[in-house]
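# Close look at the chain arrangement
Listed here are the chains, written in short residue letters.
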Amino acid sequence: MAMRQFLVRRLLQGILVIWGVVTVLFGLRAVSPGDPATLMLGEGANRELVERVREEEGLNEPIYVQYLDYVGGLLQGDLGYSWQSNRDVTAMVIERIPATIELTIAATIVAIVIAIPLGVVSATRRNEPSDYGATLFSLLGISTPNFWLGLMLILVMSVWFGIPYPTMSTAAVPVGAVRIPYPSHIGYDFYGFPTGRRGVGFPDAMRALVYDQSVSELGAWLRYITLPALTLGTYFTALITRLTRSGMIDELGKPYVTATKAKGLPNPLIRYKHVLRNTMIPIITVLGLQMGTLMGGAVITETVFNWPGLGLRLVDALRIRDWPLMQGIIIFIAFAFIVINIVVDALYTKLNPQVSAE
Amino acid sequence: MSETILEIDDLSTQFFTSEGKVNAVHGFDLELERGEVFGIVGESGSGKSVTALSLMDLVESPGRITSGSVGYRNPSFAENMRTSYPDAVDGDLVDLRAIPEDARRSLRGTAFSMIFQDPESSFNPSLTVGEQIAEAVEVQQRATAMPRSGRAKTRGPEYSLGSYLMSMALPSKRYVTESSRARAIELLETVGIPDPAQRADEYPHEYSGGMLQRAMIAQALASEPDVLIADEPTTALDVTIQAQILDLLNELQAETGMTILLITHNLGVVARMCDRVGVMYAGEIVERGTLEDVFDDTVHPYTKGLLGSVPDLEGTADRLQAISGNVPSLLDHEMGDRCYFADRCPKAMDTCLEKPRSFDVDADGRHSVTCYLAEENYDPDRALEEGRFASEGAVSDVGGDSQ
């Protein structure tokens with residue numbers, strides 16, 4: 001009962017936030033220089049044509065009418081039309097979602113798989129070499145910028161070691177380096193989502209695995225996603241390592257840990273079932289918040305790796321000032337952020353019985 | 001005199017802090033008889049809790065047990081240890097300080113269990129009470145199924161991280177089995193928790209303090225322990241609940257015949273529960289004996305001070321007799337080699353500048369006191385002048401009742 005009330009409240013809050021995002025974006029567009037009709041048609045377009053487009057798009061209406069039109073459209077799930085490609089923004093956003101979600105989840109998995117064991121080792125072997133190693137790693141991870149790390153990974157893995165990973169475009173590669181061919185099957189996957197440089201999407205890879213018992217597709221997908229996932233996940237990994245370490249150390253000092261030792265419980269049970277579980281409560285929160293941030297942060301990683309996700313599309317839209325597309329992507333990211341947060345809060349009450357009681 | 005179950009000799013636990021070594025427990029001697037309730041009483045900072053933790057081998061860094069032996073009498077355990085560690089075994093008595101940590105720790109939750117002062121922080125807040133008690137049951141049952149000798153020598157199939165990961169995937173591989181859960185509910189019933197099957201599924205924060213302390217006792221009973229160490233079991237509870245918990249402990253002790261080491265600062269609790277009592281001061285026992293010996297034939301001025309500071313409803317005294325001053329510094333380099341109570345003692349004499357040994361008061365050796373007054377009478381002419389230790393007696397309670 002309390003749970004439903006809680007969800008309804010969070011949902012209403014979420015709607016309020018989205019409305020704020022929409023309004024701010026609309027305001028920014030209104031005050032930003034450049035006439036949309038000119039942007040659409042290009043410099044030097046026919047004056048009459050420009051005027052006709054202004055009329056058709058309602059650009060001559062008062063600003064509040066334009067605003068109400070836009071919000072009205074949003075309520076019907078209509079994000080408008082891209083000025084550049086004249087395609088439906090909703091479709092343009094949706095087709096890029098899978099790639100970004102794949103990348104975000106892969107980065108999160110990288111972070112969890114590396115960070116939590118590292119944090120546990122660090123906390124349980126405090127002030128030993130392994131702890132220093134983990135601390136150094138997390139310090140480096142937190143202070144390394146994404147774009148640099150991505151470029152370095154490409155340089156080291158692809159250019160120096162020749163692991164076939166498609167770098168940026170077909171432009172010239174450094175002398176002596178292996179020229180990396182384009183993946184052969186750029187195009188659209190079974191579900192109609194663009195595969196871009198990852199070559200194959202995760203759903204396709206799974207389909208191949210299930211229906212054709214073929215692992216080669218999954219292998220290809222893994223090869224393409226590994227470097228971007230490492231790049232996107234490094235900061236996150238470092239952050240979670242630190243949180244796990246400090247959280248574990250805090251928990252280990254609590255009286256109930258002494259009590260579990262007095263019970264004679266085996267060490268792994270004390271460490272994982274009791275201590276780590278309690279440490280996870282705050283970590284889950286950060287994990288959730290960060291997953292939202294990751295979706296936004298994927299912009300840089302996607303650009304470096306030419307990953308066909310929302311971030312790359314956002315950068316493209318910014319470059320050509322395609323406002324409706326830009327707005328659509330940002331609204332979607334905000335929406336995703338809120339949904340993830342609500343899920344995290346719901347999970348939190350599951351993990352921490354004291355919260356659900358309140 | 002019945003047989004002893006624990007023979008603690010010269011046990012010392014020190015904390016290595018930046019200010020120096022702190023002697024939380026030093027030269028602690030105690031013989032516990034099977035089936036008795038022995039009380040350790042003393043003020044905050046006297047080393048009571050650290051003693052309890054030392055016996056359980058639960059002293060955490062920067063603390064360490066630096067010397068002494070803890071002899072535990074158990075024929076089957078001694079038999080198991082005899083071949084591997086002949087030096088540690090003397091008849092039925094095994095010196096727990098001389099066997100490896102693994103073997104020593106296998107006794108936790110099987111031979112020894114402990115009740116803590118604050119039940120609310122001594123349960124994990126995010127697991128149900130039933131689950132936590134069932135874990136203790138499981139420890140006991142697994143130990144019974146797999147004798148200790150196997151664990152000590154070959155280290156057997158121990159519970160590892162792999163086992164835990166496995167249990168997350170397969171419920172049948174969980175550490176806690178259904179039968180342990182059922183036993184946990186029985187135990188909750190034993191300690192007088194109404195509706196135990198339902199209460200077992202509740203979390204610690206859904207219990208009241210008294211109920212939770214009952215649950216903790218149930219958890220300690222799950223081990224079917226030889227020795228139960230109760231560290232201030234009633235301190236965090238309301239006075240009315242305190243009596244209930246003590247009665248419960250008394251009942252259970254009578255039923256199971258377990259030995260209880262009861263640690264408290266409350267002389268009322270001691271009088272209600274204990275057969276024998278030891279008065280602890282600055283890390284050592286200064287007076288010990290039966291209740292009558294210590295309460296009625298008190299010798300040590302510190303014990304007298306403690307007794308004098310208890311309100312007496314029928315007494316004639318207008319004011320309580322507080323002991324002046326504080327517990328002395330336990331820093332190794334400040335302690336020196338004298339009677340540690342001398343600077344607070346109303347009857348300190350020049351002899352007290354030398355450390356007294358333990359003197360027997362009675363012929364049967366049951367009542368002993370670490371004070372020269374056991375041997376000679378107070379002579380006012382030899383009294384130490386007031387403020388003799390003022391300069392060195394820095395007040396400190398480091399390493400005291402931290403648990």
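Counting restarts for each chain: residues are numbered from 1 in the order of the written sequence. Note on labels: chains are lettered from A, ligands numbered from 1, in written order. Local features in this predicted model are restricted to residues whose pLDDT is 70 or higher, and side-chain atom pairs enter the listing and the counts only when it is 80 or higher, whereas totals over whole chains, interfaces and linings include all residues. Side-chain figures throughout are based on the complete set of non-hydrogen atoms in the structure, without hydrogens or water.

### Looking at the packing of aromatic side chains
- Each pair of aromatic rings taken from Phe, Tyr and Trp, with Trp reduced to its six-membered ring, is defined by centres within 6.5 Å and is described as stacked if the planes are under 30 degrees apart, edge-to-face if over 60, and tilted in the remaining cases. This model, assessed by the stated rule, comprises 10 aromatic pairs over all chains.
- When the ring of Phe202 of chain A is compared with that of Trp221 of chain A, the centres are 4.7 Å apart and the planes differ by 50°; the resulting orientation is tilted. Placement of Phe202 of chain A in helix H9 (residues 202-211) and of Trp221 of chain A in helix H10 (residues 216-252) is noted, with a sequence separation of 19 residues between them.
- For Phe202 of chain A, a relative accessible area of 33% gives the class partly exposed.
- Between Tyr72 of chain B and Phe112 of chain B, the ring centres sit 5.1 Å apart and the planes meet at 50°, which makes this aromatic pair tilted. Note that Tyr72 of chain B is positioned in strand E4 (residues 63-73) and Phe112 of chain B in strand E7 (residues 112-115), a separation of 40 residues in sequence. For the pair shown, Tyr72 of chain B and Phe112 of chain B are each scored as buried.
- Each residue in the set Phe26, Tyr67 and Tyr70 of chain A is aromatic and connected to the rest through ring pairs, giving one cluster.
- When the ring centre of Tyr70 of chain A is taken as reference, the NZ or CZ atom of Arg29 of chain A above it lies at 5.8 Å. The helix count covers DSSP runs of H or I at least four residues long, the strand count covers runs of E at least two residues long, and both are numbered beginning at the N terminus. Relative accessibility under 20% of the residue-type maximum defines a buried residue, over 50% an exposed one, and the middle range a partly exposed one, all with a 1.4 Å probe and only protein chains included. Here, a charge over a ring is recorded when the distance from Lys NZ or Arg CZ to the ring centre is within 6 Å and its angle to the ring normal is within 35 degrees.

### Quick word on the sheet that holds strand E8 (residues 227-231) of chain B
Residues and elements named next belong to chain B.
- What makes two strands pair is DSSP finding at least two bridges between them. Across the sheet, 8 strands lie side by side as E7-E8-E9-E3-E10-E11-E13-E12; this open sheet has mixed pairing. The two strands at the open ends of the sheet, each matched to only one other strand, are E7 and strand E12 (359-360).
- Bridging between strand E11 (residues 284-290) and strand E13 (residues 368-369) involves 2 bridges; their strand directions are antiparallel. Within E13, the position partnered with Arg288 by the bridge is Ser368.
- Strands strand E10 (276-281) and E11 of the sheet are contacted by helix H14 (residues 301-308), whose axis makes an angle of about 105° with E10. Between two residues, a contact is recorded if the distance between any of their heavy atoms is within 4.5 Å. A fitted line through C-alpha atoms represents every axis, and for helices the fit uses only the stretch in contact; the resulting angles, taken between N-to-C directions, go from 0 to 180 degrees.

### Comments concerning the domain arrangement of chain A
Residues and elements named next belong to chain A.
- Domain extents, as shown, originate in an automatic or database domain assignment. Domain assignment breaks chain A into domain 1 (1-96 + 309-358) and domain 2 (98-308).
- Taken together, the contact pairs 20 residues of domain 1 with 23 residues of domain 2.
- Buried surface at the junction of domain 1 and domain 2, summed over both partners, amounts to about 1,900 Å²; 72% is from carbon and sulfur atoms.
- Summed over both partners, the accessible area lost on bringing two parts together, with a 1.4 Å probe, is the buried area. Considering only the surface of domain 1 that becomes buried against domain 2, Glu95, Leu312 and Leu351 emerge as the three largest contributors, covering 28% of it.
- A pairing counts as a salt bridge when a side-chain nitrogen of Lys or Arg comes within 4 Å of a carboxyl oxygen of Asp or Glu. Summed over the shared surface of domain 1 and domain 2, the number is 0 salt bridges.
- Side-chain atoms alone can form a polar contact between residues adjacent in sequence; in general such a contact is a pair of N or O atoms within 3.5 Å, and within protein one must be able to donate a hydrogen while the other accepts it. Here domain 1 and domain 2 share 5 residue pairs in polar contact (both at pLDDT 80 or more) between them.

### Quick look at the confidence of the model for chain B
Residue and element names in this part refer to chain B.
- Of all residues in chain B, 90% have pLDDT values of 70 or greater, and the mean over the chain is 83.
- In the predicted structure, residues 149-156 sits below a pLDDT of 50 and forms 11 contacts with residues beyond four places in sequence or in another chain.
- pLDDT expresses how confident the predictor is about each individual residue, on a scale running from 0 to 100. In the model, residues 390-403 has pLDDT below 50 throughout and makes 26 contacts with residues more than four positions away in sequence or in other chains.
- Predicted as a complex, the structure gets a pTM of 0.77 and an ipTM equal to 0.84.

### Some words on the pairing of E10 of chain B
Residues and elements named next belong to chain B.
- Burial analysis of E10 places 6 of its 6 residues in the buried class, which makes it a mostly covered element.
- In E10, alternate side chains face the same way, and those of Arg276, Gly278 and Met280 on one face and Val277, Val279 and Tyr281 on the other are all buried.
- Relative to E11, E10 is paired through 6 bridges, and the arrangement is antiparallel. Pairing of Tyr281 across the sheet is with Glu284, part of E11.

### Focus on helix H11 (residues 239-256) of chain B
All names here are of chain B.
- By definition here, a helix of n residues has an expected span of 1.5 Å times n minus one. Between its first and last C-alpha, H11 extends 26 Å over 18 residues, near the 26 Å set by a 1.5 Å rise per residue.
- Taken residue by residue, H11 has Gln242, Ile245, Leu246, Leu248, Leu249, Leu252 and Gln253 as its buried positions. In an axial view of H11, the angular spread of the buried residues amounts to 160°, which keeps them on one side of the axis. Facing away from the buried side of H11, by more than 90 degrees, are the exposed residues Thr240, Ala254 and Glu255.
- Residue Gly257 follows H11 closely and has a positive phi angle near 70°. By arc we mean the arc of the directions from the helix axis to the C-beta atoms, nothing more.

### Structural notes on the interface of chain B and chain A
- If you look at the interface, chain B gives 31 residues, while chain A gives 21 residues.
- Together, the buried faces of chain B and chain A total about 2,400 Å²; carbon and sulfur atoms form 62% of this surface.
- Interface area lost by chain B to chain A is led by Ser126, Tyr164 and His205 of chain B, which between them contribute 20%.
- Summed over the shared surface of chain B and chain A, the number is 4 salt bridges.
- The shortest N-O distance in the salt bridge between Lys273 of chain A and Glu135 of chain B comes to 2.7 Å.
- Summed over the shared surface of chain B and chain A, the number is 14 residue pairs in polar contact (both at pLDDT 80 or more).
- Elements that contribute at least two residues to the side of chain B that touches chain A include exactly E7, helix H4 (119-122), helix H5 (129-145) and helix H7 (161-169) of chain B.
- At 5 residues, the largest contribution of residues to the side of chain B that touches chain A is made by H5 of chain B.
- In this classification, the charged set is Asp, Glu, Lys and Arg, the nonpolar set is Ala, Val, Leu, Ile, Met, Phe, Trp, Tyr, Cys and Pro, and all remaining amino acids, among them Gly, are polar. Residues that form the side of chain B that touches chain A fall into these classes: 17 nonpolar, 10 polar and 4 charged.

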